[in-house]
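# Summary of structural features
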Amino acid sequence: MTDEPKTNGGLTLDHSSVQPGDPLSASGTGCEPGHDVTLTSDGERVGTGRADSGGAFHAPVEFTKIEPGRHTITADCGVVLTGVVDQAVTSSANDYSSTLLVLVFFVLGGIVFVRFAY
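Attention here is on the structure that accompanies the text.

Thresholds applied
- Residues numbered from 1 in each chain as written.
- Predicted model: local features only at pLDDT ≥ 70, side-chain atom pairs only at ≥ 80, totals over all residues.
- Heavy atoms only, no water.
- Helix = DSSP H or I, 4+ residues; strand = E, 2+ residues; numbered from the N terminus.
- Buried < 20%, exposed > 50% of the residue type's maximum accessible area, 1.4 Å probe, protein only.
- Contact = heavy atoms within 4.5 Å.
- Areas by Shrake-Rupley, 256 points an atom, 1.4 Å probe, with all protein chains shown as cover.
- Disulfide = S-S within 2.5 Å.

## Comments concerning the overall build of the protein chain
In terms of helices and strands, the protein chain carries 1 helix and 9 strands. Relative to its full complement of 118 residues, the protein chain shows a buried share of 24%. For the protein chain, the proportion of contacts with a sequence separation of at least 24, taken over those separated by at least 6, is 44%. When the accessible surface of the protein chain is split by element, carbon and sulfur atoms take 58% of a total near 7,800 Å².

Okay, here's the thing in structure tokens:
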């Protein structure tokens, strides 16, 4: 997957998809100069910043919830700007399953050995 920026109405995100813990930054133009910028996604604040004298801003985005799927990020800075990012969660359940299987095998083998040794 490539990390090509998504943009809509003056908001640009530096990645098109992220996994939990990955850094994500938002940049925007067209804000009211000097205005506070509040970034939200699904009604929760995910970042803040301040527009410079030209109406541009740059701010980190941090999700508090891990919810796979497409998320719309809204920047309110006197005007409303939007962008989207996909949040992906990878699973390594197969690694844990094989480790658990080996552990169970050795525990059962140890029980059988101890039972017949005495």
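## What about the state of the cysteines?
Taken as a whole, this structure holds 1 disulfide when the rule is applied. The disulfide partner of Cys31 is Cys77, and the gap between their sulfur atoms is 2.1 Å. What sets the handedness of the Cys31 and Cys77 disulfide is the S-S torsion sign, and at about -75° it is left-handed. Here Cys77 lies in the loop between strand S8 (69–76) and strand S9 (80–87) and Cys31 lies in the loop between strand S4 (24–28) and strand S5 (36–41), a separation of 46 residues in the sequence. In terms of burial, Cys31 and Cys77 fall into one category: buried.

No statement about biological role is implied by the geometric values presented.
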